[in-house]
There are 2 protein chains.
Amino acid sequence: MENPQDRPPEDDVHTKGADIYDEDGAIRASFLAHIGAAIADRDTLTLKQDVGALHQSEVGDLIEALLPEQRQALVELMGSDFDFTALTEVDDAIRMDIVDAMPNEQIAQAVQELDSDDAVYILEDLDEEDQEEILAQLPFTERIRLRRSLDYPEESAGRRMQTEFVAVPPFWTVGQTIDYMREDKNLPESFSQIFVIDPTFRLLGAVDLDRILRTQRGVKIEEVMHETRHAIPATMDQEEAAQIFEQYDLLSAAVVDENERLVGVLTIDDVVDVIQEEAEEDLMRLGGVGDEELSDKVLTTSRSRVPWLMVNLVMAFLAASVIGLFDATIQEIVALAILMPIVAGMGGNAGSQTMTVTVRALATKDIDIYNASRIIRREIGVGLLNGAIFATLIAIVAGFWFSSPDIGGIIAVAMVVNMLTAALAGILIPLLLDRFGADPAVASAVFVTTITDVVGFFTFLGLATWWFGLL
Amino acid sequence: MENPQDRPPEDDVHTKGADIYDEDGAIRASFLAHIGAAIADRDTLTLKQDVGALHQSEVGDLIEALLPEQRQALVELMGSDFDFTALTEVDDAIRMDIVDAMPNEQIAQAVQELDSDDAVYILEDLDEEDQEEILAQLPFTERIRLRRSLDYPEESAGRRMQTEFVAVPPFWTVGQTIDYMREDKNLPESFSQIFVIDPTFRLLGAVDLDRILRTQRGVKIEEVMHETRHAIPATMDQEEAAQIFEQYDLLSAAVVDENERLVGVLTIDDVVDVIQEEAEEDLMRLGGVGDEELSDKVLTTSRSRVPWLMVNLVMAFLAASVIGLFDATIQEIVALAILMPIVAGMGGNAGSQTMTVTVRALATKDIDIYNASRIIRREIGVGLLNGAIFATLIAIVAGFWFSSPDIGGIIAVAMVVNMLTAALAGILIPLLLDRFGADPAVASAVFVTTITDVVGFFTFLGLATWWFGLL
């Protein structure tokens, strides 16, 4: 890295990019046309100037807005001026397309320019053979560092950490530390704390930069360092690490190996991405879609959605067979067939409400043994109350519609039963799935709606069969 | 604030708290019992020691685990040793309970100890009268600062910002700046960048602390500062501000008023909370629940869920009336009543899948005019493909079940039509709602399922009526 005094102070500011977005947050059409024309003209100068001036995330958005063939051309035309960090900002499928089309030598070249966490992010999706070929072309220390990160399990803190960090011994003074940072040319690009280590790299503590700046030069580091209570084991799942960041409002945290030796640093910007991903995962799972991406093709998307629909189909046949038990009753009183989806549907909706709250509370660990029984009691209360409200409404409408107070009464009773069932299913199913180690976001919805369908159809049609003496 | 050299270096580390959680992440039962006993014994010494040693978020978790009457007692017994920041970490309803029970003088006392963003967080939920009474008891500068924050709209950057920051003039040297930080006793508790302002507080730029530390003492601040391209207007919505943080990986950002004057700083830890809240909001809205909290009582919860169920009820009656059109057909062929929920349900599920993906993509701004038409085409493809797959399956099962190839054929056609409808509804409805400024997460689900219900019932029963000549 060049000496800080030598580089222009604005080197990480990109004034050009300010207006590449329109009011809707999409890349401005005129800018896209301009870049498209430059690609068509193979006008590398314009590209290097106008794309080179953008922030990596802006380049990412630009790439996503381009046509697939333009993306490839842009990367090629810009050559070494292309900031590979931008690839960490695009959809997985688009990144794979671009990287797959590049020769391994070029990837190796590009990866060397990246922070280690970004390099790992790009390398981890390649197949092992390509990974090895690329790693083999890297300088020794970098190869070792990246390989170590890649050896940690997927979605672990070790995969997301940056292996560049500033570490000093405890007996240095604040003045020595500041001088070291002024002179060392191999510092990470930005950092917010300094770690304190012993000669074997064992982590002793950390000092925030503001503390350094507020302390007299003569003071020893060990006097201003604080214990790092929140050192993160490299094998820890990234979601768990993110929760520690959130709970303790950390900006960065030391990552240590099994011997408590400092191996890297996890920073809040990576954690923000993890938080987003995890929140997205819960939402997608509740909606019955897997890890699909917007850039997936029809076949991939279809394949990812079929399993869920298949489970639902089986459950739908189960519910249908419950209706089948009462075919004679329906033939007698067709009004029942008309009304039965209302009972089932209202139960399904009420169940989804309770389930959504429960799944979210489980994800954020807001539900525990101290409040679970209170929340279960509350949901039963809500189920009974809302059941009573809607039973009354439905009874009146249905009773008048079919000029039959009997049908009104029957649907009211079925409604209360099903709303109560919905409340219980909505809270107990996610809790049980969680207790048995299953992901409540994936499986809860199908169980809840099946139960509310089955109970809804059975209670309503069963009650009617009994009341009208059609047994 | 005391001189940094005077305070013990571990003042923000809380070694005691490390094991207050059990493996499930809940407060350990033994610890809870210990604190409960200390509260019962009015043993303030133990409380001050053991609760005082915890991180604010741990105190928050502890408060949530305690019984309501214990919470009040804990705050009272700990007196000025109670860290009010902990109240920003608990459910709104619990915080309101605790704060409402406190005399305004005590709140005013406590608020003075807080960072301005935390103070605003606690004050903003109080009614205006209490707010004024509390503000009146604060020292002049603090009163002005808090009132300014509270004057900004709810959920704006101005509400979330911290009004404590470090700002220096551009002509100072790095050395002067460091000396100033070493001597000034009124610095914020922690910070990661220094702002550069002119005499009228207009923002000129910013310098990251690592840059300061890497620069020789004699260099002028204006030479190392960078332009702050991402200054955030105080009136900007917090969600928009969070997106800027995410896109540009910011740790903190200047907040400016309408005259570009620096009024505060927004930090990543607050932004992480915003990101969590917004992700939660989308999930909850898709699930048909509003801003409810786990600590809400039955009545509040019921009230928050009734509107959604009411809309669903109206839509359910709409779907039922479609069935009603074909009552004669159902009386003739009861199998149709048994099978019709399958057609409607599968469409509903497929529609939810597409809708979930679309709502999420809209929230993260991943969908725009460049890829919308491609994604619409993809969803149509997926709808047709999955429609064909499940039509075949259902046709076979239904055909054998009722020994009628005709019914098998009819349900197959209805299935393809409804899956295609689901795909179109799932993508177009959120897109249209977004275009017309409505929140797609709130309203999409009810429209999508209504459409798949209505189309499902109508196609299936209509086709059967026509095929079997029952018109």
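Residues numbered from 1 in each chain as written. Chains lettered and ligands numbered in written order. Predicted model: local features only at pLDDT ≥ 70, side-chain atom pairs only at ≥ 80, totals over all residues. Heavy atoms only, no water.

**With respect to the interface of chain A and chain B**
Line of reasoning, step 1. Facing the 135 residues of chain A at the interface are 134 residues of chain B.
Line of reasoning, step 2. Of the roughly 11,900 Å² buried between chain A and chain B, counting both surfaces, carbon and sulfur atoms make up 63%.
Line of reasoning, step 3. When residues of chain A are sorted by the area they lose upon contact with chain B, A:L213, A:R214 and A:L294 head the list and together hold 8% of the total.
Line of reasoning, step 4. Counting across the chain A and chain B interface gives six salt bridges. (Contact = heavy atoms within 4.5 Å. Buried area = accessible area lost by both parts, 1.4 Å probe. Salt bridge = Lys/Arg side-chain N within 4 Å of Asp/Glu carboxyl O.)

**Let's talk about the environment of A:V75**
Residues and elements named next belong to chain A.
Line of reasoning, step 1. Of note, V75 is situated in helix 4 (residues 68-78).
Line of reasoning, step 2. Put simply, V75 and I63 are twelve residues apart on the chain and 9.4 Å apart in space, counted from C-alpha to C-alpha.
Line of reasoning, step 3. Residues within four places of V75 in sequence aside, it is in contact with F82, I98 and M102. (Helix = DSSP H or I, 4+ residues; strand = E, 2+ residues; numbered from the N terminus.)

**Structural notes on the packing of aromatic side chains**
Line of reasoning, step 1. Counted under the stated rule, the structure contains 14 aromatic pairs over all chains.
Line of reasoning, step 2. Ring plane angle 85° and centroid distance 6.4 Å describe the contact between A:F165 and A:F195, whose orientation is recorded as edge-to-face. Taken together, the residues span a long stretch of sequence, with A:F165 in the loop between helix 10 (157-160) and strand 1 (167-168) and A:F195 in strand 2 (residues 193-197) at a distance of 30 residues.
Line of reasoning, step 3. In this structure A:F195 comes out as buried when scored by relative accessible area, which is 1%.
Line of reasoning, step 4. Site record: aromatic cluster; members linked through ring pairs are A:F317, B:W401 and B:F402. (Phe/Tyr/Trp six-rings, centres within 6.5 Å; stacked < 30°, edge-to-face > 60°. Buried < 20%, exposed > 50% of the residue type's maximum accessible area, 1.4 Å probe, protein only.)

**Structural notes on the pattern of salt bridges**
Line of reasoning, step 1. Under the defined criterion, the tally for this structure stands at 36 salt bridges over all chains.
Line of reasoning, step 2. Note that A:E132 is salt-bridged to A:R147, the shortest N-O span being 2.7 Å. Of this pair, A:E132 sits in helix 8 (residues 128-136) while A:R147 is found in helix 9 (residues 140-151), placing the two residues 15 residues apart along the sequence.
Line of reasoning, step 3. The class for A:E132 is partly exposed, based on a relative accessible area of 38%.
Line of reasoning, step 4. Given a relative accessible area of 30%, A:R147 falls into the partly exposed group.
Line of reasoning, step 5. Where B:E379 meets B:R378, a salt bridge forms, and the shortest distance between an N and an O atom there is 3.0 Å.

**Description of the domain arrangement of chain A**
Line of reasoning, step 1. The domain architecture assigned to chain A consists of domain 1 (25-151), domain 2 (167-267) and domain 3 (298-467).
Line of reasoning, step 2. Inter-centroid distance (C-alpha atoms) of domain 1 of chain A to domain 3 of chain A is 49 Å. (Domains from an automatic or database assignment.)

**A closer look at empty space enclosed by the protein**
Line of reasoning, step 1. Following the criterion strictly, the structure yields seven cavities of 30 Å³ or more and no others.
Line of reasoning, step 2. When its volume is computed, the largest cavity comes out at roughly 1,200 Å³.
Line of reasoning, step 3. Lining the largest cavity are 49 residues, with A:N349, A:T449, B:N349, B:S352 and B:T449 sitting closest to its centre.
Line of reasoning, step 4. Every element with two or more residues in the lining of the largest cavity is listed here: helix 15 (268-286), helix 16 (298-324), helix 18 (335-363) and helix 21 (440-467) of chain A together with helix 15 (268-286), helix 16 (298-324), helix 18 (335-363) and helix 21 (440-467) of chain B.
Line of reasoning, step 5. For the lining of the largest cavity, a count of residues per class yields 28 nonpolar, 19 polar and two charged.
Line of reasoning, step 6. Considered as a void within the structure, the second largest cavity measures approximately 70 Å³ in volume.
Line of reasoning, step 7. Among the elements of the structure, helix 18, helix 19 (372-401) and helix 20 (405-435) of chain A together with helix 16 of chain B are those that each provide at least two residues to the lining of the second largest cavity.
Line of reasoning, step 8. Here the element with the most residues in the lining of the second largest cavity is helix 19 of chain A; it accounts for four residues.
Line of reasoning, step 9. Here the lining of the second largest cavity is composed, by residue class, of five nonpolar, four polar and two charged. (1 Å grid on protein atoms, 1.4 Å probe; cavity = no way out; pocket = protein on both sides within 12 Å on 5 of 7 lines; lining within 4 Å. Points joined across faces, edges and corners; volume = space filled by probe spheres on them. Nonpolar A, V, L, I, M, F, W, Y, C, P; charged D, E, K, R; others polar.)

**Concerning the side chain of B:T358**
Line of reasoning, step 1. By secondary structure assignment, the location of B:T358 is in helix 18.
Line of reasoning, step 2. In this structure B:T358 comes out as buried when scored by relative accessible area, which is 3%.

**Here we look at the UniProt feature "transmembrane region" (unreviewed entry) in chain A**
Line of reasoning, step 1. Following the UniProt record, the feature "transmembrane region" (unreviewed entry) maps to residues 306-326, 332-350, 380-401, 407-433 and 445-468 of chain A here.
Line of reasoning, step 2. Within residues 407-433 of chain A, the helical portion is 100% and the strand portion 0%, while the C-alpha atoms at the span's ends are 37 Å from each other. (UniProt positions renumbered as here; feature names shortened; annotations may be inferred.)

**Observations concerning the sheet that holds strand 2 (residues 193-197) of chain B**
Residues and elements named next belong to chain B.
Line of reasoning, step 1. Across the sheet, which stays open at both edges, the three strands sit in the order 1-2-3 with mixed pairing between neighbours. Either end of the sheet is taken by a strand with one partner, and the two such strands are strand 1 (167-168) and strand 3 (203-208).
Line of reasoning, step 2. Bridge count between strand 2 and strand 3: five bridges; the pairing is antiparallel. Of the residues in strand 3, the one forming a bridge with I194 is V207. (Pairing = 2+ DSSP bridges.)

**Some remarks on the relation of the copies chain A and chain B**
Line of reasoning, step 1. The transformation that overlays chain A on chain B combines an axial shift of 0.0 Å with a rotation of 180°, and the residual RMSD is 0.2 Å. One copy is carried onto the other by what is essentially a two-fold rotation axis. Taking the C-alpha atom as reference, chain A places A:Q331 closest to the rotation axis, 2.3 Å from it.
Line of reasoning, step 2. A symmetric contact is evident, with 99% of the interface residues of chain A recurring at the interface of chain B. (Least-squares fit on C-alpha atoms with pLDDT ≥ 70 in both.)

**A look at the sheet that holds strand 1 of chain A**
Residue and element names in this part refer to chain A.
Line of reasoning, step 1. Spatially, 1-2-3 is the arrangement adopted by the three strands of the open sheet, whose pairing is mixed. Edge strands, defined here as strands with exactly one partner in the open sheet, are strand 1 and strand 3 (203-208).
Line of reasoning, step 2. Note that strand 1 and strand 2 share two bridges and pair parallel. Bridged to A167 within strand 2 is F195.

**A few points about the environment of B:R305**
Line of reasoning, step 1. Structurally, the position occupied by B:R305 is in helix 16.
Line of reasoning, step 2. A C-alpha to C-alpha distance of 7.3 Å links B:R305 and B:G288, two positions 17 residues apart in sequence.
Line of reasoning, step 3. Beyond its immediate stretch of four places on either side in the chain, B:R305 contacts A:Q353, A:T354, A:V357, A:R378, A:E379, A:V382, A:N386, B:V289 and B:E292.
Line of reasoning, step 4. Within polar-contact distance, the side chain of B:R305 engages the side chain of B:E292 at 2.8 Å. (Polar contact = N/O pair within 3.5 Å; in protein donor to acceptor, adjacent residues only side chain to side chain.)

**Comments concerning the layout of surface pockets**
Line of reasoning, step 1. In this structure, the second largest pocket spans a volume of roughly 990 Å³.
Line of reasoning, step 2. Together, 30 residues line the second largest pocket, and A:D24, B:L362, B:A363, B:K365 and B:D434 are the ones closest to its centre.
Line of reasoning, step 3. Mapped onto the lining of the second largest pocket, the elements with two or more residues apiece are helix 14 (238-248), helix 15, helix 18 and helix 20 (405-435) of chain B.
Line of reasoning, step 4. Both domains that meet at the lining of the second largest pocket, namely domain 2 (167-267) and domain 3 (298-467) of chain B, each give it at least three residues.

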